[in-house]
Amino acid sequence: MTRSARKLLDEIQDELAPRDGDNRLVPLITAGRAPRAVFAALAAEEKLITLSDWRSFHALAARADEPHARTFFGGLAPGELQANGMLDALLAATGPDHGKDLPRAGCQAYPAYVAWLALNGESSATAAGIFANFAAFGRYCRDVAAGMREHYGFTGTQCAFFDFFAADVPEIEEQALAAIQAGLDAHRLDEREAHRCARLFQSYELLFWNTLADEFPG
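Residues numbered from 1 in each chain as written. Predicted model: local features only at pLDDT ≥ 70, side-chain atom pairs only at ≥ 80, totals over all residues. Heavy atoms only, no water.

(A) Quick look at empty space enclosed by the protein. All told, the structure shown has one cavity of 30 Å³ or more when counted by the stated rule. Taken as a whole, the largest cavity holds about 30 Å³ of empty space. Along the walls of the largest cavity sit D20, N133, A136, F137, Y140, Q202 and E205, which together make up its complete lining. Among the secondary structure elements, those contributing two or more residues to the lining of the largest cavity are α7 (134–152) and α10 (191–215). Among the elements that line the lining of the largest cavity, the one with the most residues is α7, at three residues. Residue classes in the lining of the largest cavity are distributed as three nonpolar, two polar and two charged. (1 Å grid on protein atoms, 1.4 Å probe; cavity = no way out; pocket = protein on both sides within 12 Å on 5 of 7 lines; lining within 4 Å. Points joined across faces, edges and corners; volume = space filled by probe spheres on them. Helix = DSSP H or I, 4+ residues; strand = E, 2+ residues; numbered from the N terminus. Nonpolar A, V, L, I, M, F, W, Y, C, P; charged D, E, K, R; others polar.)

Here it is in structure tokens:
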């Protein structure tokens, strides 16, 4: 009997959950202890990440030979470009990023891995790895947006990037599950690869936030 995509995702997310709290920057922001300069750094790094991921998702969609995977990756790409534009208001409010090492290797490791997967990753395992981390990233963005409003006086337009990724989008979940299920049904999805991909995504995600936490301690 073929495994279900939902069961596989639940298992992966259960494996990841103990490390979701290892993000050291978000608690600083939610408590209002992070310096305001961190938001200039966040915006500058995300401007680079969203453009890179936009290209990578298009490449993943073009390389996928399964329709559900093409739909999933192709559906993610426009959101990256939209989110990129949302950062302009935050950049205008915070001014330039004055970090010493720009861009930061620890922040850009995540999009480098997405680009690597665009060339080398099996489509359904990649979809599982990406989507398994969406929930944690959404929680981080929701908490950051709340902290920005409560402690730093940012407007809705200036928080738009984080609000965008905090929102639940059931359609994306449906597309991810369809892509993963197609890989399982065709016996093309290596479950060990899906788990490994998800763990790496989580590690690179935490590296992004914690690189900034080290640079901007509360």
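(B) Here's a closer look at the packing of aromatic side chains. Using the criterion set out here, one finds 15 aromatic pairs in the structure. Aromatic side chains Y110 and F201 sit 5.4 Å apart centroid to centroid with 55° between the ring planes, which places their arrangement in the tilted category. With Y110 in helix α5 (residues 105–120) and F201 in helix α10, this pair connects stretches of sequence that are 91 residues apart. Here the aromatic cluster, defined as three or more aromatic residues joined through ring pairs, consists of Y110, Y113, W116, F201 and Y204. (Phe/Tyr/Trp six-rings, centres within 6.5 Å; stacked < 30°, edge-to-face > 60°.)

(C) Inspection of the environment of C141 at higher detail. Topologically, C141 is positioned in helix α7. Put simply, C141 and F162 are 21 residues apart on the chain and 4.7 Å apart in space, counted from C-alpha to C-alpha. Contact partners of C141, with chain neighbours within four places excluded, come to F162, F165 and A166. (Contact = heavy atoms within 4.5 Å.)

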